[in-house]
Amino acid sequence: MSFPSWLSQLYRGLSRPIRRTTQPIWGSLYRSLVQSSQRRNPEFSSFAVRTNTCGELRSSHLGQEVTLCGWIQYRRQNTFLVLRDFHGLVQVVIPQDESAASVRKILCEAPVESVVQVSGTVISRPAGQENPKMPTGEIEIKVKTAELLNACKKLPFEIKDFMKKTEALRLQYRYLDLRSFQMQYNLRLRSQMVMKMREYLCNLHGFVDIETPTLFKRTPGGAKEFLVPSREPGKFYSLPQSPQQFKQLLMVGGLDRYFQVARCYRDEGSRPDRQPEFTQIDIEMSFVDQTGIQSLIEGLLQYSWPNDKDPVVVPFPTVTFTEALATYGTDKPDTRFGMKIIDISDVFRNTEIGFLQDVLSKPHGTVKAICIPEGAKYLKRKDIESIRKFAADHFNQEILPVFLNANRNWNSPVASFIMESQRLELIRLMDTQEEDVVLLTAGEHNKACSLLGKLRLECADLLETRGMVLRDPTLFSFLWVVDFPLFLPKEENPRELESAHHPFTAPHPSDIHLLYTEPKKARSQHYDLVLNGNEIGGGSIRIHNAELQRYILATLLKEDVKMLSHLLQALDYGAPPHGGIALGLDRLICLVTGSPSIRDVIAFPKSFRGHDLMSNAPDSIPSEELKPYHIRVSWPTDSKAERAH
């Protein structure tokens, strides 16, 4: 049996009871795993007490004596049962004669999901009873001996993908949820893609796989870090947000090409679809430029991409940060569909519409619009009202719906003031068709673009819920976003600067002079990789000059350089030019598998509140155990009241 076909066949079996021919719920969504070139079939039964796996037996095995181990998937009328392991399903005939009463008792009385070991002969199914939808559907096992290895108590939910289960219940009984086809598929695909990445980086391009420390020290800027107490009073370790400093130091150490499947930690609180601990494909190279890093990653993804998906086409398109914001209203655009933002300011330069005149008279005032295809057909009046309320509540902006080609009694009053020449010019610029709706807004450039970027995605969701196919779920649209600003104004104090990426990012070669005159205008050598509107990777060329790094940290960012004295010192000892990137493995696999959440591609994830619902972590620690760390818990007032009840 070829390796890549077993998972889709396993699912077809799991979604249907024995001897039935109903279609699987997920159909061809999960067709097969990637098939490596030059692959040998793995020895799935080596070192085990079984002779074969449940999913590998075929007509070619007829007459063979086999020993199988697995879970009882289904039992029918105490005549047949289906045995399941990770590899697939096989039908087992329960003996009916008195001489095999003990075997019959075991197989008939063992609850579903009990673990059994059976030995017997591979025989053909009776004529007309073959199951073409089951990979092992031509054969069955005539059992001679059986052993109950472990009985299963009553399950909190059925181990079937089409059975609806709350996520909380799935996380509480994660070890059961892992038995489902979907989780098996996701985790095995993840393993296989990571292995292919290792092959590409280490075997084909000379990267060195190096582990870096988990216990480190606090890093200035960036996300909040988890603290780990030490036995020295008042001193703490920090769990690293990423191996950023270590990988740069490895380049100073002459390792040249570093790679790691790195565990990273960020204390970001209750953020949906984020994890406090996550995994990155972490990469750093010496003597490389931005183009080199981008080409490496394109080749890496192309090499590791599953064969059951459409091939990755390289090179990936590239847009600048400024272009992305102006066209899509975001720095991580979903390019699978259009609805681009169009600047229509020139159409209204001589308008008589008062508020448009006011906006265009200001320095950064613009009029922008997006076209909602067949919006008059798919959107309802309440949808438009909801869109306008969202714009007012979240952006303090007005959104005007305009029907250029269709008459609607819920058209914006402004539409009546649009001259015929302006209407024709808008139809040309927006390329509108009958039933299209134009959403128009006016305001400061960045604010107007951000609003329309949000509405572009909201409207795409609305159209698709109403039946329009806008984003092909089988399409993977990669995009590089480059030329980010080097600095951003701090939210709490806009007169101060913070790094847009991190403080080790090198400035754009053309903008180095701006660091000493107008640092807010300086661009960086930072690049993001976007897939279907999700950032799946980010990196930069690093600063390898100690003097420049010290100036940015101390003068521009007002950071305490003593915290980074080790890195600054290292840069003074002949640091080579270097750069790197980190791919978010969880997010990447989530998109590849079409999973609704990154928690579906992680074996033991935390809930969105950062809790492990299976083990109830985090947990309290007795005060005696805290004494060696010189820590005492200070309970909030409301918590004291709760603890008293």
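The protein appears in an unreviewed UniProt entry as Aspartate--tRNA ligase, mitochondrial from Papio anubis. A UniProt comment under Catalytic activity (unreviewed entry) is attached to the protein, and it reads "tRNA(Asp) + L-aspartate + ATP = L-aspartyl-tRNA(Asp) + AMP + diphosphate". Note on the protein: under the UniProt heading Sequence similarities (unreviewed entry), the record states "Belongs to the class-II aminoacyl-tRNA synthetase family. Type 1 subfamily."

**Side note on the nonpolar core**
One finds Ile283, Ile297, Leu301, Phe478, Leu529 and Leu588 to be the most contacted residues of the largest nonpolar core, which totals 54 residues. Sorting elements by how many residues they give to this core places helix 5 (residues 181–205) first, with 8 residues. Discounting chain neighbours no more than four positions away, the residues touching Ile283 are Leu201, Phe207, Lys247, Tyr258, Leu296, Ile297, Leu300, Arg542, Gly580 and Ile581. If you look at the next biggest cluster of nonpolar residues, it comprises 26 residues, including Ile370, Leu451, Cys459 and Leu463.

**Re the environment of Pro519**
Position of Pro519 among the secondary structure elements: in the loop between strand 18 (497–499) and strand 19 (526–531). Note: C-alpha distance between Pro519 and Ile552 (33 residues apart in sequence) is 9.7 Å. Among residues more than four places away in sequence, those in contact with Pro519 are Phe487, Leu497, Leu514 and Leu556.

**Let's talk about the pattern of salt bridges**
Following the criterion strictly, the structure yields 36 salt bridges and no others. Note that Arg174 is salt-bridged to Asp177, the shortest N-O span being 2.9 Å. Note that Arg174 and Asp177 are positioned in helix 4 (residues 174–177) at a spacing of 3 residues, about one turn of the helix. Looking at Arg174, the relative accessible area reads 2%, which means it is buried.

**Details of the sheet that holds strand 1 (residues 65–76)**
The strands making up a sheet associate through hydrogen bonds between their backbones, and the pairing can be parallel or antiparallel. Judged by pairing direction, the barrel is mixed, and its 5 strands sit side by side in the order 1-2-3-5-4 before closing back on the first. Each adjacent strand pair in this sheet contributes to an overall mean axis angle of 55°, direction not counted. With 10 bridges connecting them, strand 4 (residues 115–124) and strand 5 (residues 139–150) associate as antiparallel partners. Bridge assignment links Gln117 to a residue of strand 5, and that residue is Glu147. Where helix 2 (residues 101–109) meets the sheet, its contacts fall on strand 1, strand 2 (80–85), strand 3 (88–93), strand 4 and strand 5, and the angle it forms with strand 5 comes to roughly 75°.

**Focus: the sheet that holds strand 12 (residues 342–343)**
Across the sheet, 4 strands lie side by side as 12-13-15-14; this open sheet has antiparallel pairing. Two strands lie at the open edges of the sheet, namely strand 12 and strand 14 (400–402), each paired on one side alone. Pairing of strand 13 (residues 365–372) with strand 15 (residues 437–444), which is carried by 8 bridges, proceeds in the antiparallel orientation. The residue bridging Val367 from the neighbouring strand is Ala442, located in strand 15. Of the strands in this sheet, strand 12, strand 13 and strand 15 touch helix 12 (residues 420–430), which is tilted by about 65° from strand 13.

**Examining the side chain of Gln275**
Of note, Gln275 is situated in the loop between strand 9 (257–265) and strand 10 (277–286). According to the relative accessible area criterion, Gln275 is buried, its value standing at 5%. Within the structure, Gln275 has its side chain in polar contact with the backbone nitrogen of Lys606 (distance 2.8 Å). Among all residues touching Gln275, those that are not within four sequence positions of it are Ile598, Arg599, Ile602, Pro605, Lys606 and Ser607.

**A look at helix 13 (residues 445–465)**
When the terminal C-alpha atoms of helix 13 are compared, their 30 Å separation across 21 residues agrees well with the 30 Å that a helix rising 1.5 Å per residue should span. Listed as buried for helix 13 are Ala448, Cys449, Leu451, Leu452, Gly453, Leu455, Arg456, Cys459, Ala460 and Leu463. Contact partners of the buried residues in helix 13: helix 8 (321–328), strand 13, helix 10 (375–378), helix 11 (381–395) and strand 15. Between the side-chain oxygen of the N-cap and the backbone nitrogen of Asn446 there are 3.3 Å, and the N-cap of helix 13 in question is Glu444. Looking at the residues trailing helix 13, positive phi occurs at Gly467, about 115°.

**Focus on the side chain of Ser304**
Take Ser304: it is sitting in helix 7 (residues 290–304). Residues in contact with Ser304, not counting those within four places in the same chain, are Met193, Lys196 and Met197.

**Things to note about the packing of aromatic side chains**
Describing an aromatic ring pair means giving the distance of the ring centres and the angle of the ring planes. Counting across every chain of the model gives 13 aromatic pairs. A ring pair is formed by Tyr173 and Tyr175, whose centres lie 6.2 Å apart and whose planes are at 80°; its orientation type is edge-to-face. Residue classification places Tyr173 among the partly exposed positions, given a relative accessible area of 24%. For Tyr175, a relative accessible area of 46% gives the class partly exposed. What links up through ring pairs into an aromatic cluster is the set Trp305, Phe316, Phe476 and Phe478. Positioned above the aromatic ring of Tyr629 is the side chain of Arg231, whose terminal nitrogen or guanidinium carbon lies 5.2 Å from the ring centre. Sitting over the ring of Phe337, Arg471 keeps its end group 5.6 Å from the ring centre.

Each value, and the rule that gives it
- Residues numbered from 1 in each chain as written.
- Predicted model: local features only at pLDDT ≥ 70, side-chain atom pairs only at ≥ 80, totals over all residues.
- Heavy atoms only, no water.
- UniProt positions renumbered as here; feature names shortened; annotations may be inferred.
- Core = buried A, V, L, I, M, F, W, Y, C linked by side-chain atoms within 4.5 Å.
- Buried < 20%, exposed > 50% of the residue type's maximum accessible area, 1.4 Å probe, protein only.
- Helix = DSSP H or I, 4+ residues; strand = E, 2+ residues; numbered from the N terminus.
- Contact = heavy atoms within 4.5 Å.
- Salt bridge = Lys/Arg side-chain N within 4 Å of Asp/Glu carboxyl O.
- Pairing = 2+ DSSP bridges.
- Axes fitted to C-alpha atoms, helices over the stretch in contact; angles between N-to-C directions.
- Polar contact = N/O pair within 3.5 Å; in protein donor to acceptor, adjacent residues only side chain to side chain.
- Expected span 1.5 Å × (residues − 1).
- Phe/Tyr/Trp six-rings, centres within 6.5 Å; stacked < 30°, edge-to-face > 60°.
- Lys NZ or Arg CZ within 6 Å of the ring centre and 35° of its normal.

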